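A closer look at the structure
Residues per chain, in single letters:
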Amino acid sequence: MHKLASLWIAMLLSSNSLFAQQEQIMGFTNESSEEQYKLEAKFDSYLKSQNLDVWMERLAARPHHVGSAYGKENAEFMVAKFKEWGFDAELAEYQVLFPTPKVRILEMTSPTKFKARLEEPALKEDATSGQKKEQLPTYNSFSANGDVTAELVFVNYGIPSDYEELEKLGIDVEGKIVIAKYGGSWRGIKPKLAAEKGAIGCIIYSDPKDDGFYRGDVYPEGPFKNKHGVQRGSVLDMPLYPGDPLTPGYAATENAERLDRSEAPTLMKIPVLPISYSDAQPFLAALEGPVAPEDWKGALPITYHVGPGPATVHLKLEFDWQLQPAYNVIAKMEGSAYPDEWIIRGNHHDAWVNGANDPISGMVAVMEEARAVGELVKMGWKPKRTLIYCGWDAEEPGLLGSTEWVEDHLRELKEKAVAYINSDSNGRGFLYAGGSHTLEKFFGQIARDVDDPQTDLTVAERRNARLMTQGEDESNGIKLSALGSGSDYTPFIQHAGIASLNIGFGGENAGGEYHSIYDSYDHYTRFKDPDFIYGIALIKVAGRTSLRLANAEVLPFDFTHFYNTVEGYAEEVMKLADDIREQTDQENEMAEEGIYAAAADPQKPFVAPEPKEEVPHFNFAPLMNELEQLEKLSMELKNINPADVDDDELKKLNTLLYTSERALTIEEGLPGRNWFRHQIYAPGFYTGYGVKTLPQVREAIEQRKWETVDAQIEVLAEVLEGFNQQLIEIKALIE
């Protein structure tokens, strides 16, 4: 049945696959489109999957976290390669805070004794898993030092809705240590929220229901997390600001003025430690109290209780808080016509351990893309705009390398950067893409021009075939997801206002190796993309993105897709306000009538909830007025034809086009976190990586800060007014 369904979808989409492969490319004339297609065919002919294999084995041969000897060796290896391919390449060094553990103790002191192993064993099937002397131990970077003992409470994923459930159960975590599952949000939100609720420590474990034996065979028999696997990771409070915590908003150069560690607001306030599900099981099994809600239960062979206690836990952590050198690889190919217009392509090269999947699978694709560009140059071609290929260091601890470089070059980037194209880890299966919606139409055309290596469809068609099985449809064009945070695009779009894309393949490469010692060359070549065919697919997609932006006569920014997207966001926040108002009215009415939920503990008296403050009606008119203007202007600027643009005005037009994203930022930034300047997209304050669109308005409503909502609507309307004014200037140039 599955094969028949797939065949039916493929047949349904087959007519789309005939969509003119040689259609006019956005930003090009008919004549220059033909030349560009020839260039891209030549580019494809240079690509060699063997290079990806060889370089991955080389780069992932040893642990290469920031500050490690092999991390620097890898950076120097890449610089030498870029120079060999004709690029002007160098290392850009920054000194960043990177704590490593000196003491890690986790033990249960009652009702029974148990000491956690806190170690991942080497496997004979994994050649690099035994490099213990060079491996970082299992820990969460930027956890606080601490020595705490307290009762344990299970908090599910440790996200806001879970604490609401605990409140209904009459359970308070103040003075307790919490244990949370990985998943549900970015890991740093779990200890952040726990600390706000009064907890004094946090343990995070990977439940086998999410990425262990419940999903499939565990490593080494299969790709999923075995009972000793542990996910390392940063718990830096990145929704405040990413990058070096001691140099907020400015570059962590050698002589930079640094905050005292006690003053750094993004450092976690309580001790945090990740553990395996083997280590977690005894702690969870010792809990009593209410049985956990149904959707909290994992796959361990125990009854999941919430607590608190009687399990009492001792957690002791101590770290070595040192500055470490971060080595960014920066390789430039100067443009022939517009050298001061930059197309930037990046991926990070540091890993928690060997990092074959995260990040080397993406980094080797960047390298092969650059090598093929170098081959084109050897044949006499030159990009019109400058191409910059980047290998970021210190991404894993909190986007440190890319953030410091952006902060160091902020003024020049605002002037020259056309777009930033990011990738991270890469697998096999379906194209995923997020980014600035001014680039959505442009990117959709690229996705229609690249064939999927496993089917007779394009990558756009295969993606849509999957979406159709989920009740969605992209037949009329790919829809980019909005960017929050979680990879190196963050400082470009969120701080500098540079239009950005984040792309890769996945969906058929699930596993449990993430941030463990088992993210290795052996694991990747068995379970992820063994023949590197999707590595080549990524290069074809990202390479076309880079080359078309580099060569376009008129930069391919489109504002109709942007309008449609932002109008949808506005409808969402208005509905959000209505839904909260309706829910609040219902709850208050129930409280007045004495209709309460049953007490969680029959032995305790039930306390009726306090009535909630009524939700006022908000004035969305300023926002809707600017959206109406945006709709009109976007239609008038639809399908700009390069042939219609006077050569004397071309440079000015392109500058207005690529700086349009800057108009969506304000220097004051978001309330309470001014590093984040973009007013359309931002990571949520309590979602971490997860995006909040129209964040200033949406979060004011979600956090019930009613007195600020209208003011934030006004700010957003003023931002769109400035954006519209830039479109008016573009329109005047064209006319």
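Residues numbered from 1 in each chain as written. Predicted model: local features only at pLDDT ≥ 70, side-chain atom pairs only at ≥ 80, totals over all residues. Heavy atoms only, no water.

The subject of this paragraph is the overall build of the protein. Each helix and strand counted, the protein has 21 helices and 16 strands in total. In terms of C-alpha radius of gyration, the protein reaches 26 Å, essentially the compact-globule figure of 27 Å for 735 residues. Across the protein, the fraction of contacts at a sequence separation of at least 24, relative to all contacts at a separation of at least 6, is 80%. About 28600 Å² of surface is accessible on the protein, with carbon and sulfur atoms providing 48% of the total. Looking at the protein, you have 72 positive and 117 negative side-chain charges, and the mean spots of the two groups are 6 Å apart. (Helix = DSSP H or I, 4+ residues; strand = E, 2+ residues; numbered from the N terminus. Rg over C-alpha atoms; globule rule 2.2 N^0.38 Å. Contact = heavy atoms within 4.5 Å. Areas by Shrake-Rupley, 256 points an atom, 1.4 Å probe, with all protein chains shown as cover. Lys, Arg positive; Asp, Glu negative; His and termini not counted. Charge placed at Lys NZ, Arg CZ, Asp CG, Glu CD.)

Moving on, we get to the pattern of salt bridges. Under the counting rule described, the total for this entry stands at 40 salt bridges. For the salt bridge of Arg544 with Asp44, the shortest nitrogen-to-oxygen distance reads 2.7 Å. Linking Arg544 in helix 16 (residues 533-551) with Asp44 in helix 2 (residues 30-46), this pair joins segments that are 500 residues apart in sequence. Looking at Arg544, the relative accessible area reads 7%, which means it is buried. Between Lys378 and Glu375 there is a salt bridge, and its shortest N-O distance comes to 3.5 Å. With a gap of three residues between them, Lys378 and Glu375 both fall in helix 9 (residues 356-378), about one helical turn apart. (Salt bridge = Lys/Arg side-chain N within 4 Å of Asp/Glu carboxyl O. Buried < 20%, exposed > 50% of the residue type's maximum accessible area, 1.4 Å probe, protein only.)

Bringing the side chain of Ser485 into the picture now. Within the fold, Ser485 resides in the loop between helix 13 (459-469) and helix 14 (490-495). Ser485 has contacts with Leu399, Thr490, Pro683, Gly688 and Tyr689, leaving out every residue within four places of it along the chain.

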